[in-house]
Every structure is written in structure tokens, then in C-alpha cells.
Amino acid sequence: MNTRRLLQRFLRYVKIDTTARMDAKAYPSSPGQLKLGRLLVCELKALGVEDARQDTFGIVLATVPATVAEPAPTIAFCSHMDTSPETTGKGVKPQVIRNYRGGDIVLPAGAPGIPGRQQVIQVSENPELTKAIGHTLITSDGTTLLGADDKAGLAIIMESTAWLMEHREIVHGPIRLCFTCDEEVGRGVEHLNVGQIGALVCYTVDGHGSNEIDVETFSAETAEVTLRGVNIHPSIAKGRMTNALRVAADFLARLPRDRLAPEATDMRDGFIHPLEISGGVGEVKIRLLLRDFETARLESHAQVLRQAADATLLEFPAARIDFDITRTYLNMADGLRCEPRAVSYAEKALTRLGRTAQKTIVRGGTDGSRLTELGLPTPNLSSGAHSIHSPKEWASLEEMTLSVAWLVALAETWVAEK
Ligand SMILES: [Zn+2]
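Residues numbered from 1 in each chain as written. Predicted model: local features only at pLDDT ≥ 70, side-chain atom pairs only at ≥ 80, totals over all residues. Heavy atoms only, no water.

Draft legend 1. Here's a closer look at helix α3 (residues 148-166). Compared with the 27 Å implied by 1.5 Å per residue over 19 residues, the 25 Å span of α3 between its first and last C-alpha is a close match. Most of α3 is tucked away: 18 of the 19 residues are buried. (Helix = DSSP H or I, 4+ residues; strand = E, 2+ residues; numbered from the N terminus. Expected span 1.5 Å × (residues − 1). Buried < 20%, exposed > 50% of the residue type's maximum accessible area, 1.4 Å probe, protein only.)

Pasting the structure below:
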């Protein structure tokens, strides 16, 4: 594998600001995603992938042509071009640490908004660092995220494409490539149908660390709660005003914090996560995320919200609280059962490389959750990324290289096992 070129690709992609915006009307939500997509199309064409194109929504689609004459199953590789809005991705200055010696990593610039205080990637919070000694690590300077989620995935897919285009002796079927926009704001496949991908199975390269296959994701709903008060000038408010801010504070305080909250749960436990609040005396809107591996349990989470609202309304009888709950994505486990080869061939491909796959669950969603729901089984593979969405995000070049080799082996496996 060409590790040097993989690193150069990754550094090139993270420098383009593709931060997704939560409330943007436009699609994609930020122009940088279009810019990165254009670059990827140019690079694909330069590799000889002739049908590479960016559609009107900014999604990049392309086909690595088969090297076998007989029909072989079409597989797809997918990653997303946007980065999380939780930490800015504007002005990313990647730091390359060669031959990491172990220990905490002090990032050179100050923490966002706190001049003088440096961000430290601590081993105590990142036990995987102990397995990365001797690796080449990439971080941001501490003022932005790195964007390995999911530009590590992009770089891995692009480099495996380059490798396959340069080594036409490798036996594989047609491989579709798909680079999506706005995954981080839940709109990754909004303008994509599985027919456009045209594959039997798809693999997102959007996972953690190395050798992991995510075979389950959360099922997800979003609750938009509108709390209306009674607004009147404070000078004459006695006995008449109902302040929606106080209603909202009361409502939020009633939600469980020692259970059913992301801060209090792990493994297979779901949660209710207040994400955003906006508004004033007259009206407040709160957005909450409902998550669980058992889809049916989302209804009981919604019930917790309604009970909290009922209790709040006893305190504020003139207020109104309305709910709008929408489905975001479903746990991919059910859909993956329809095409067991999607996961088993990913495991076999790693076995070919003398490595062992670890099947894991994601406490989140991927583009694959939606694609699987739409009938395209799409497990998620490791991308070498760690501590994503944060200024302390880091990636291991060695783990990224392992994923490049994995994708190449996976393409071979789908022909060898057919
Ligand atoms: Zn991602």
C-alpha cells in the first residue's frame, strides 16, 4: 500500500472546510462539500475512473471497472464528505506526529475560546493510544476538529481505488464509489436512492479504529418540542405572564439525568439527549434526540417526554407544549440479516490478510443505517479515526493503511467466494 500517498490525500481533504450546518435550507449545507466533491471527481478521473461525476446535489458517484470478464456482484464503498458541526472544521491545520512515542499529546494551539489553554489528548481518555506506539498519528492543532470522520474514509476509499486502478491484475468485480454530503446532520442519503448506487451490498468506511465491522446502529428519532408561554410587557405581567423560558427549564429539569441520558449510559442502553434550545419569553423550541438499539423502545422514550410535559403543564397551566417526533434512521441489524454475505465476506477479507474482525455496535447512525433500511445492506468498517467530532480527534495512518488493504481484499473476496 502507498502509505505516503494515503497521508497526502488525507491532509489535502481535511484542509477543505466541509462543516455541515444543522439548520441550512440548502443542500449540501455548506459550499466546501461541493468543492471537496469536485476535487475527488478530478482525482478519480486522473486515476482513470472515467464515469466519475458529481450530481446536482453534490454527491460523487463513480465506478471502478471490473477486472473479470464474467459477471460478478457489484459492491460499493461509501463515505461522507461533511464533518460534524459540533466542532468547527474551518482552517484545519493537521499535525503529523511520526513514530509516536506514547504519552499524552499536547496540541500546539489554545482551546477554542480559551486563549492560552492547550488541548491535551490524554492516554487516560484514549486507551487506544497505547496500541498506537510507533504509528504516524494525525491531529488538529487543537482549535478545530481534525475531520477524520469521515475524510479518513474518503482517503482510504480513494487510495484503494488508486491501488486497484494501478494493479489491474487484482481480480475483482465492479465497485461503485459513493461520497455523500451532510451525513452528520442526518441528511446523508436524503438525495440518494439505492438505484443510483446500483450495488448488491455497500460498505461505509466511517468506523472507529481498525478491524471493526459495525453491524448494528441505533434506531433514531428526533423530537422537536415547542413550548409556548404567554408574553406580555413585564410592567404589567403580574398574574398574566407565562415565561416560556421558565417552562422549558422546568421541562428539561424533569428529564432523567442519572439514566436514559448519554452521560449516564453505554453499551446497549438508549437515551434521550437534549441537543438544542432556542427562543424567548413567548416561545421556546427544544430539539431532542431519542436513541435505542430496540426500535420499539423509542416509543417509551417519547412517553418519558410526554410525562415530563404533563407535569410541567400542571405548574404552568397557561403554557402549551407540542411535540413533533420524526424517524431519522433504523438499526441496520435487521436489514443485514437479509444478505449475510455483506458481513461474512468482510470478515473473510480480513482473514485473508491474517487479521481478525471484531463485530461491534455503534451508538449512533451511519449513512449505512438508512441505506440498509432502503434495501442496500451496508455495514460500516473501521477508518482509523478516534475521538471524533472533537478538537482532540486523532487518526492513525497505520490503521488507515490497514483499511485500504481491507477494501482491496474485500473486492477480491466477492469474486473468490462467489
Ligand atoms: Zn462519520
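Draft legend 2. Layout of the layout of surface pockets. Approximately 200 Å³ is the volume found for the second largest pocket. Lining the second largest pocket are Glu128, Lys131, His135, His208, Gly209, Ser210, Asn211, Glu212, Thr356, Gln358, His386 and Glu399. A class-by-class count of the residues in the lining of the second largest pocket yields no nonpolar, 8 polar and 4 charged. (1 Å grid on protein atoms, 1.4 Å probe; cavity = no way out; pocket = protein on both sides within 12 Å on 5 of 7 lines; lining within 4 Å. Points joined across faces, edges and corners; volume = space filled by probe spheres on them. Nonpolar A, V, L, I, M, F, W, Y, C, P; charged D, E, K, R; others polar.)

Draft legend 3. Region of the structure containing the pattern of salt bridges. Across all of its chains, the model carries 26 salt bridges by this definition. Between Asp51 and Arg176 there is a salt bridge; the shortest N-O distance is 3.8 Å. On the criterion of sequence distance, the pair formed by Asp51 in the loop between α2 (31-46) and β1 (53-54) and Arg176 in strand β8 (residues 175-180) is long-range, its members being 125 residues apart. Through salt bridges with shared partners, a single network forms among Arg5, Arg9, Arg12, Glu43, Glu159 and Glu166. (Salt bridge = Lys/Arg side-chain N within 4 Å of Asp/Glu carboxyl O.)

Draft legend 4. Fine view of the pairing of strand β9 (residues 201-208). Most of β9 sits out of view: 7 of its 8 residues are buried. For strand β3 (residues 75-80) and β9, the ladder comprises 4 bridges, and the chain directions are parallel. Note that in β9 the partner of Phe77 across the bridge is Tyr203. (Pairing = 2+ DSSP bridges.)

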